[in-house]
Amino acid sequence: MKRFFESEFFYNYRKSFSAVFGSVIIFLALVIGLIGPFVVPQNPYDQKQTDLSNAYLPPMWEEEGRAEFPLGTDGQGRDMLSVIVYGSRISLLIGISVTVISCVIGTFLGVFAGYKGGKTDSFIMRVADIQLSFPSMLIALFIMAIFGSGIEKLIVTLSFVGWVMFARTIRGETLSVKNQEYIQAAHVLGYSDWRILFRHVLPNVTTPLIVLFTNKIGNVILTEASLSFLGVGVPVTQPSLGLLVKNGFDVLFSGLWWVSLLPGLYIMLLVFGINLLGDFLKDELNPQLN
Amino acid sequence: MIRFIIRRFFQMILVLFIVSLMVFLLSSFTGDPVYMLLPPDATLEEIADMRILLGLDKPLYVQYAIFLQNILKGDFGNSYVYNKPALGLILERMPATMEVVAVSTIITILIALPLGVFAGSNPKSTGSKSIMFGSLIGISLPSFLVGMLLIYLFSVTLGWLPTSGRSIPAITASGKKTYFTINELRHVLLPSITLALGQVAMLIRLLKAGLQETMQKDFIKFAKSKGVSRRNIVFGHALRNALTSTITVFGLSIGDLIAFTTITETIFAWPGMGRLLLTSINVSDRPVIIVYIMVVSVIFVVINFFVDILYTVIDPRIKLN
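Residues numbered from 1 in each chain as written. Chains lettered and ligands numbered in written order. Predicted model: local features only at pLDDT ≥ 70, side-chain atom pairs only at ≥ 80, totals over all residues. Heavy atoms only, no water.

## So, the pattern of salt bridges
- For the structure shown, the criterion picks out five salt bridges over all chains.
- For the salt bridge of Arg168(A) with Asp129(A), the shortest nitrogen-to-oxygen distance reads 2.5 Å. Taken together, the positions of Arg168(A) in helix α7 (residues 151-178) and Asp129(A) in helix α5 (residues 118-132) put the pair 39 residues apart, joining distant regions of the chain.
- On the accessibility criterion, Arg168(A) (36% relative accessible area) is partly exposed.
- Of the charged contacts, one joins Asp279(A) and Arg205(B) as a salt bridge, the two residues approaching to 2.5 Å between their closest N and O atoms. With Asp279(A) in helix α12 (residues 258-285) and Arg205(B) in helix α8 (residues 182-214), this residue pair bridges two chains.
- The class for Arg205(B) is buried, based on a relative accessible area of 13%. (Salt bridge = Lys/Arg side-chain N within 4 Å of Asp/Glu carboxyl O. Helix = DSSP H or I, 4+ residues; strand = E, 2+ residues; numbered from the N terminus. Buried < 20%, exposed > 50% of the residue type's maximum accessible area, 1.4 Å probe, protein only.)

Here you go:
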């Protein structure tokens, strides 16, 4: 741990305003997601706590706003702040779990393909190529359109389209690692293929993995938001930020901007924070560009 | 070259075949269209008749063979909702979608190319840093939010531009169609900007990364030491090399553009294929969904095909195999 804090990497991180700023946003978003429901004024999905007569109140800094609803209310009289906090939990849950699943599957297939070579390699990569020639959002849209909305379905679908980038990158890295002398040495020592894969190859391909992982979370959150905005993502009963934007879209034309634009801006801020950190990691861990 | 083209052509057919198989399997696993077509109080006999009419009584592989045969004849069946050939419905709306895609591609290239080249050739300057910061915001913005912000600003608050719809080419008294009128431009502007923004940000980042990497290569150092002017180095030597990777990704991103028209067209009530797809999804109009997938797949496969060829034109070192 001490070695990490004294490293050049950590020094550059502290010096980089955007990286620290991005991390703060991510940290706050995670905290809000974890403890938010215990802090916010109401549970927006408990009908006893909401009152239809409070519908469409503007944020508190506007003329008719009230202090008890700091960010205003939606058409059901729900407090926007509470709605956004609850929605962000679902967005984060999907973003993180999809990234973890596609990372595990993609890395496994990528290392395997690169290490094995031959027919296994060309089969996996052919599948990846075909899948990559279609926009991932469109594939996800088709699958969700056919199977219907749902959080689990969304996680499975987005992981299904998400593994490709991991597999391709990791395969490339594996190819460059596998002919190194220390791998040959491991072969000579008679280690099994699996042991070489997990103990020797995998640790040496983790750097691009970190960069890819960070950027993927932001990407998944955006894709999920888009699908939910189109109405084929999360179910109506468990709205993510994207679905909140969709719900408020109709009243945007009458000037009730906060119902849709506030959750939208929260998505943007969240993804921006992730991208700031991702950008820093990319520059820092990619020595080619220094 | 000819051999390469022929081989890629057969690959295209293979991919489309796989897509058709996937589409067929996926759609046959989900819901029975019979119940969507018949009233809820239909008798068992009516249901059985409908199954025979739709060919659903036959085994799956026979159904697929029929499906494939019909596709090759260009017959995708009728839309359940409009009761018109589904292919016609999609093709009718294609020009509207292509219009937004084309305009936003032009916007993307006009903005991203100069900014990206500038950022890539002066990576340490303040200008470059602000461009990169802007592009980072650009890739963090969900495209529906861009559309909504634009609507709120230019249509609801300022009232300068229409909120939605497309102005159809009118026919003037002399019988000529008027294309590209001011009114049409006013309608297409906001959807195109919405669609273009993410692409602009992405293309800038790609170009910058590509150029910055190329500028450190030995042949650039050599050109510098030979006294080649900076302008010549960037445009004559570096850009061409940086473009190869950019073009692949940009070619693929035209596919993304088509995917995102579903969102843009929904927001701006633009009468294109994307909006038709969504309304069809909402009412489970399966033939239309299938045609959309097939038509869009053909577009993607063709784009990839041309990107591959363009690739070799820009970088002759790439062998065609």
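## Things to note about the nonpolar core
- With 110 residues, the main nonpolar core has Ile94(A), Leu158(A), Ile267(A), Phe144(B) and Tyr292(B) as its most contacted residues.
- When residues of this core are assigned to their parent elements, the largest contribution, 17 residues, is made by helix α12 (residues 286-314) of chain B.
- Counting residues in each nonpolar core, the second largest holds 22 residues, with Phe112(A), Ala113(A), Ala128(A) and Val205(A) among its members. (Core = buried A, V, L, I, M, F, W, Y, C linked by side-chain atoms within 4.5 Å.)

## A closer look at the interface of chain B and chain A
- With 45 residues of chain B in contact, the opposing surface of chain A contributes 41 residues.
- Each partner contributes to the roughly 3,900 Å² buried at the junction of chain B and chain A, and carbon and sulfur atoms together form 80% of this total.
- At the junction of chain B with chain A, the criterion picks out one salt bridge.
- Here chain B and chain A share two residue pairs in polar contact (both at pLDDT 80 or more) between them.
- Among the secondary structure elements, those contributing two or more residues to the side of chain B that touches chain A are α1 (2-29), α6 (126-140), α7 (143-157), α8, α10 (230-267), α11 (273-282) and α12 of chain B.
- Counting residues per element, the side of chain B that touches chain A draws most heavily on α10(B), which supplies nine residues.
- Of the residues that constitute the side of chain B that touches chain A, the class distribution is 30 nonpolar, twelve polar and three charged. (Contact = heavy atoms within 4.5 Å. Buried area = accessible area lost by both parts, 1.4 Å probe. Polar contact = N/O pair within 3.5 Å; in protein donor to acceptor, adjacent residues only side chain to side chain. Nonpolar A, V, L, I, M, F, W, Y, C, P; charged D, E, K, R; others polar.)

## Description of the confidence of the model for chain B
Residues and elements named next belong to chain B.
- Looking at chain B as a whole, its pLDDT mean stands at 79, while 86% of the residues score no less than 70.
- The secondary-structure element of chain B with the lowest mean pLDDT is helix α2 (residues 33-37), recorded at 66, while α6 shows the highest, at 88.
- Interface predicted TM-score (ipTM) for the complex: 0.82; the corresponding pTM is 0.85. (pLDDT = per-residue confidence, 0-100.)

## Comments concerning unusual backbone geometry
- Located in the positive-phi region is Asn83(B), a residue other than glycine, with phi close to 55°.
- For Asn83(B), the position within the fold is in the loop between α4 (60-72) and α5 (86-121).

## Concerning the confidence of the model for chain A
- Taken residue by residue, chain A gives an average pLDDT of 84. The fraction at 70 or more is 97%.
- The least confident element of chain A is helix α1 (residues 2-5) of chain A, whose mean pLDDT is 74; the most confident is helix α4 (residues 80-116) of chain A, at 90.

## Brief notes about α5(B)
- Taking 1.5 Å of rise per residue, the 36 residues of α5(B) would be expected to cover 52 Å, and the 50 Å separating its terminal C-alpha atoms lies within 8% of that figure.
- Most pronounced at Met94(B), the bend in α5(B) amounts to some 35°, and the proline Pro95(B) follows within four residues. (Expected span 1.5 Å × (residues − 1). Bend = angle between axes of the 7 residues up to and from the residue.)

## Some words on the packing of aromatic side chains
- As enumerated under the stated definition, the model contains 17 aromatic pairs over all chains in all.
- Centroid distance Phe134(A) to Phe300(B): 5.7 Å. Interplanar angle 75°. Geometry classified as edge-to-face. Within this pair, whereas Phe134(A) is found in the loop between α5 and α6 (136-147), its partner Phe300(B) is found in helix α12, the two belonging to separate chains. The pair Phe134(A) / Phe300(B) is uniform in exposure class, with both members buried.
- When the ring of Phe229(A) is compared with that of Phe144(B), the centres are 4.6 Å apart and the planes differ by 5°; the resulting orientation is stacked. With Phe229(A) in helix α10 (residues 206-229) and Phe144(B) in helix α7, this pair bridges two chains.
- On the basis of relative accessible area, Phe229(A) is assigned to the buried category, the value being 4%.
- Given a relative accessible area of 0%, Phe144(B) falls into the buried group. (Phe/Tyr/Trp six-rings, centres within 6.5 Å; stacked < 30°, edge-to-face > 60°.)

## Quick notes on a nonpolar patch on the surface
- A surface patch of nonpolar side chains, about 700 Å² in accessible area, is lined by Met1(B), Ile2(B), Ile5(B), Ile6(B), Phe9(B), Phe10(B) and Ile13(B).
- Within the secondary structure layout, Ile5(B) lies in helix α1. (Patch = residues over 30% accessible without salt bridge, like charges linked within 9 Å, V, L, I, M, F, W, Y side chains within 5 Å. Areas by Shrake-Rupley, 256 points an atom, 1.4 Å probe, with all protein chains shown as cover.)

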